[in-house]
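A closer look at the structure
Residue strings, one per chain:
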Amino acid sequence: MYPREYRYTREHEWIKLEGERATIGITHYAQEQLGDIVFVELPKAGAEFAVLEAFGTVESVKAVSELYSPVSGRVEEVNTSLNENPALLNREPHGAAWLIKIRVKDPSELNSLLTAEQYEAFLESSA
Amino acid sequence: MGDAMAKARPHVTPSEGLIFEKSSPGKHAYSLPPLDVPTVQPEEVLGAGFVRGEIAGFPEVSEIEIIRHFTRLSTWNYGVDTGMYPLGSCTMKYNPRINEVVARLEGLASEHPYQPAELAQGCLKILRALEQALLEITGMDAITLHPAAGAHGELTGILMVRAYLTAKGNPRQLVLIPDSAHGTNPATAAMAGYGVAPVKSNRAGQVDLDALRQLMTENVAALMITNPNTLGIFEDRIRDIAEIVHARGGVLYLDGANLNALAGVTRPGDFGADIVHLNLHKTFSTPHGGGGPGAGPVAVKRFLEPFLPLPVLEESPAGRLRWNFERPQSIGRVRAFYGNFGMHVRALAYILAHGPEGILQVTRDAVLNSNYIRKGLEDVYELSYPSPTLHETVFSDKRQARFGVRTMDIAKRLMDYGFHPYTVAFPLIVPGAMMIEPTESECKEELDLFIEALRAIAREAETDPDLVKTAPHTTRIRRLDEVTANRKPILRWKPAPPSAGPAPEVAD
Amino acid sequence: MRYLPKSDAERKAMLARIGCSSVEELFAAIPDTIRLRRPLAIPGPLSEPEIVDLFQTRASENASAYLRFLGGGVYSHFRPVVVDALASRGEFFTAYTPYQPEISQGTLQAIFEFQTLICQLTGQEIANASLYDGSTALPESVIMAVRISDRTRVLVARSVHPEYRQVLATYAGAQGLQIEELPYTATGQVDREALAGQLDDRTAAVAVQSPNFFGCAEDVAALSRLCHEHNALLICVINEPVSLGLLQPPVEADIVALEGQGLGLPPSYGGPYVGVLATKERFVRTMPGRLAGQTTDSQGWRGFVLTLATREQHIRREKATSNICTNQALCALMTTIFMSVYGKQGMRALAEQNLAKAHYAAHELAKVPGARVRFTAPFFNEFALEVPCAVATLQRRLAEQKILGGIALEHFYPELKQSLLLCVTETHARADLDRLVAAVRSACAEAPRGKA
C-alpha cells in the first residue's frame, strides 16, 4: 500500500525525494478519511514554506483540511489537473494526484520523517 | 409505519420546473395604474448609454402560475407548522400568528426610517418596550436592537469589547472559546481582528477550570461562552468562570442562543456575564423563514454602555423618544437605520402574550420536554455525558456505528418517520453527535412519536442497517449528490442553447 | 399559556416517567445563589385582542396620514398582494435553514431562482442567497476584494449612502483596512479625475453606488476601466434595485452589493431588508453567504442543495469568509415573487413610471422661483432639489400640510445646506405631485431667503 521509497508525516502527507527536488502528496489514509474530495487549494510556483507550515487545503463536502509541508522548500510545480478533477486525489493519491513539486532547502529534514513501515505502524496504533 | 399519515407528503407533480421554464413571451402578472403624468423617453432623459436592453431571461408568467408554482414549492418544505424540529440550539418553537398580523399593520409596515422622530413615536415606543423587557429578562443595564442576526450581534459585542479595552490602553489579542462552541463564535472573533484559543471541556462536558486559569492572561480580551452549553449542560461554576476572567481584566461574553433554558429562572447579568446577545428567532419566536431574517440584540452591563452602536434610543423627561447620535465612544454603526423592526414587533408581541408567568412556564416545559426525550432514549442511544441537561441533550451514534450506521443516516431515516432531523455531527467534541432540542411547543403525543421513531431506527440499525444507510425513502427527493454540487457548482439557471432540445427536468 | 400544548396531568405523567416529583428538580444544576426568586417585571399576559389593540394604537402614532417623498436607501413601491399571500404560507416562513435538502426543496428552489434573477438583473455571473442588508453587504464585498487582491487600501465614493459608509468604517477598523474617500463633482457623480489620481497598486477596491445617494446614475463602465488599469476591483453598490428595470446593469463591476428592499419588502421602519452579493464566477470561493446549487438525487431527479459550505463559519470557523450564519431567506423569497410578478415587461413598466413621475415632479419643482435640481447627472426616481429658503423651515411648513418633503442633505453633507433629497415613485399620483409642488411653492414664497 505505502510505497517504500516515500517518507511520511503524522499529518498524512508523503514526500518523494529526487536529488534536490521532491514531490509531495497526501496518503491513501488521508483521502479515505476526507471522503469525496471536491476542491484542492494549492500555492503558486515560487512560494516558500517552512517545515510544518500550511501550504494549502483539501476540501470535502463538509470538511476542510490543511496541508502541511513535510520539509522546507520552494514550490516549483503545482498539479493543476486537480483543479478540474479533484476526484483524482481520491483515486490516485500516491501517484497521478501528487500536489506540488518543490526544491528542497535541507534534505536532512527528511531523516526525521517516518518510513513506510513506521507510517503503517502509526496508522495501526491510532486505529 | 403502517397507516400513519406521513408528515411531508410528496407532491402530485414532483417535477415542478423553475419559474424561468414556465415563461412565455407575452404572459404577465403585474398590474399598475395608468401613467397620469406625461411619458418620457428614457434615452432622452437619461442618455442612450444609461438605458439597458431587456432583462434577458426574466420570467414572463401569469398570476395563477406564480400562485401554483410557489404553493407547490412550499408543499415540499417541512416547517414548524408541520411538525417538530428537534434541532439542538435552534429553539424551533411555534411562530404565533398574531405576530404576523401586527407586524403587517399598515401604520407599522409602511413607516420609513427617515421620518422625523416626532412622527415615529409609535415605532419608537415599540422598540423601547422591547428593550426594557429584554433588559429585565437578561438582568443587564443597556441594550442595542440593531444587529440583524445572532452572528451580527456577536460581532457587535466583540467590537464593543475591543473598544472598551482599547479605551483602557490595550485591546489585547486573543479571545477564548470553548471547544464545544458554535462556529460563529471563532468566525466572529477573527472578523473582529482577534486570534482564537480554544478552551477544552472536561469529562463532565463543562469548561475545564484549570485549563481556563492557564489560558486566561492579560492578553485575553474575552471568554465567549454559551450557558447552558451546546451539550445542554449548565455551567454551574459560571461564577467562578466569571471571576477568573474578570480577575485578569477580561470580559465575559455570553452567547445567548440557549436562553430558552433560563428565561425567568436565572439571568446572565446575575451570574457574571458582561455582555449577552439574544436570538429573537430562537427564544422569542420570530420565524426562521427558511434561513432568515432574524435579529440579534446585544445587552450589556453599565461599563460597556458608552460603546453601544449608533444610534441609541433615548427618552426625554417628557416621555418623547428620539435617536441619539452624540455618542463619542460608540463603536459606530453596525448597519444602516435601526434594526430589523419587523422582527422587534413580533418579539414584543410574543413577550406580551406570555407575561412573566408565561415566560417561566415556557422555560419549564422546554426543560421538561427535553428530559422526557432523554429518558425515553438513553437506553438505546449513547448519552454523550452523564451530567444533567436542561433544554437539549446530545447523544452519539456510538452504539449504531457498530453496524455501520452513523448519525447522518439516522437523521435521514428520521425523515421517513415524518420528522425533521436533529442537529447532526455537532458539537464537534462529540463524535457522531445527535443534538436534540424539542422546545416547549411540543405536546406529549409528538414527543412520544419522536421517541418511538428513534427507537425503531435503533432497531433497524441492528436488523437492517442498509435501510437506514440509504434513507430517506419516502421524501419527494432522495439523497442528493452533494459531491458533484461542490465539484461543479451550478448556481443559476441558464437558458438552453438554441440547438439543444428542452432542458430535462425529470429522470429519463 | 395557550401556546403550550400540555395539560397539568400530562406534565405530571412526564415527570413521573423521568422519575421526578417536580419540575424544580430538573433545574437543580442551577445554583441557588443565581436563581431568580421573583417574577420577571415585564408586561403581560395580554389576550389576542389586547395585543392587536396595543399595536394598532402604536400604528396610529406614526406618519401613515402623511404624503411621503422619502428615499435615501429605502423605497416605497406597489407590492403585489400575492407576495404576502405566498410568503405567509407556513411551509415557507416557519421552515428552518435548508440543511436537510430532502425536505427543504421549496426553500432551496426558491433561493436558486432568486440567485438567477439577481444575476439577470445585475448582469453578473453568480449571486449568493443573500446577506442581512445592503449596508452590511458593502463591507462584506470590501473584505472579499481585499481577500482576492491581497491589498488593504480601499477608495469609497462620498456619494455612496452615508450610513453604508459608516458601517464600512466600523467593519474596516476591526480588520485594519485603510479607507479613503472620493469626492463628487458638480454633476453629482464620482470625480473621475480624483479617482485616477488616488488609484495605485496598493488599492484593493473602489466602491461606488449607482444610482448614488443623490439619485444620480454613474458611468460604471468608465469607472471600471480606471480601476482595472491598476488591477483594483470595482464594487458597485445598488440601493434602488427597481432602477435596474431601466438603467444599464453594472456588468463591468467586479462585485455588486445590492439592497433588495425595493423589490417587494415594506419599509418597516428600517428592516428586515435583504442584501445580496453578485459577482464573477471566478470569485465564488471567496464570497460569503449561503449558496444554493443544482444537482441530482439518487433517482436522477433534479434537486437543489446548499453548496460550497466549506467557505462558511460552521466548517471553517475562524478561517471562514465571514461569520454570517443567516441569510434573509424569507425576504429573498418575497423579492423573488415580486420579480416574477413584474417579470420582464413589468420591471420595465414599473421603472418607466418611476422615471416619468420623478421627472415630472422635478420639472415642475424647478419652476418654483429660486429652486433648481441641484445636480446635472441623469437621475432615476430620486433627485436633490436646491431651494431658496432654509430647508428646516421648508420641511416644517410641508409637514404642517401633512407632507414629508424629502431628506435634508445637510444632515449627511454639511456642504449641501440648501438641498432636499426627494424621492418619487409610481405610488405617487399626479395629484400628490401637484400638491407637493404647490406646497413647496407657497412655502418658499413665504420664508425669508436663506434664513432658518
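Every value quoted in this text rests on a predicted model; they were computed, and no experiment measured them. (Residues numbered from 1 in each chain as written. Chains lettered and ligands numbered in written order. Predicted model: local features only at pLDDT ≥ 70, side-chain atom pairs only at ≥ 80, totals over all residues.)

This paragraph deals with the overall build of chain A. A count of helical and extended segments in chain A gives 4 helices and 9 strands. Starting at the N terminus and ending at the C terminus, chain A contains elements arranged as β-β-β-α-β-β-β-β-β-α-α-β-α. Taken against the 2.2 N^0.38 rule, which gives 14 Å for 127 residues, the C-alpha radius of gyration of chain A at 13 Å falls within 12% of a compact globule. For chain A, the spread of C-alpha atoms along the three principal axes comes to 35 × 35 × 20 Å. Taking all 127 residues of chain A together, 35% fall into the buried category. Restricting to contacts in chain A with at least 6 residues of sequence separation, those with at least 24 account for 61%. (Helix = DSSP H or I, 4+ residues; strand = E, 2+ residues; numbered from the N terminus. Rg over C-alpha atoms; globule rule 2.2 N^0.38 Å. Buried ≥ 20, exposed ≤ 12 C-beta atoms within 10 Å, placed from the backbone. Contact = placed C-beta atoms within 7 Å.)

Right, let's get into the environment of Pro98 of chain C. Within the secondary structure, Pro98 of chain C sits in the loop between helix H4 (90-93) and helix H5 (105-122). Its 27 C-beta neighbours within 10 Å are what place Pro98 of chain C among the buried residues. Once you skip the residues sitting within four places of it in the chain, Pro98 of chain C turns out to touch Gly290 and Gly291 of chain B together with Ser104, Thr107, Leu108 and Leu306 of chain C.

Residue and element names in this part refer to chain B. In this sheet, strand E3 (residues 195-199) lies alongside strand E2 (residues 174-178) in parallel orientation, the contact comprising 5 bridges. Considered in E3, the bridge of Leu176 is made with Ala197. The parallel pair E2 and E3 is bridged by helix H7 (residues 184-191), and the resulting crossover is right-handed. (Pairing = 2+ DSSP bridges. Right-handed = clockwise from strand over helix to strand, strands pointing away.)

Bringing the interface of chain C and chain B into the picture now. Each side of the interface is counted separately: chain C has 161 residues, and chain B has 176 residues. Looking at which element gives the most residues to the side of chain C that touches chain B, the answer is helix H11 (residues 329-365) of chain C, with 22 residues. Within the side of chain C that touches chain B, the residues separate by chemical class into 83 nonpolar, 53 polar and 25 charged. (Nonpolar A, V, L, I, M, F, W, Y, C, P; charged D, E, K, R; others polar.)

This part is about the nonpolar core. Tyr253 and Ile275 of chain B together with Val142, Ala207 and Ile235 of chain C are the most contacted members of the largest nonpolar core, which totals 307 residues. For Tyr253 of chain B, the residues in contact, after removing those within four places along its chain, are Gly157, Ile158, Val161, Ala222, Leu223, Met224, Ile225 and Ile275 of chain B. Membership of the second largest hydrophobic core comes to 29 residues, among which are Ala22, Val75, Trp98 and Leu99 of chain A. (Core = buried A, V, L, I, M, F, W, Y, C linked by C-beta atoms within 7 Å.)

Time to look at the domain arrangement of chain C. All names here are of chain C. Assigned domains of chain C: these are domain 1 (67-76 + 344-446) and domain 2 (81-338). The C-alpha centroid of domain 2 is placed 28 Å from the C-alpha centroid of domain 1. The biggest single contributor to the side of domain 1 that touches domain 2 is H11, with 7 residues. The residue makeup of the side of domain 1 that touches domain 2, split by class, is 14 nonpolar, 5 polar and 3 charged. (Domains from an automatic or database assignment.)

To continue, consider the environment of Ile143 of chain C. As for its placement among the helices and strands, Ile143 of chain C is situated in helix H6 (residues 134-149). Spatially, the C-alpha atom of Ile143 of chain C lies 9.8 Å from that of Val154 of chain C, the residues being 11 residues apart in sequence.

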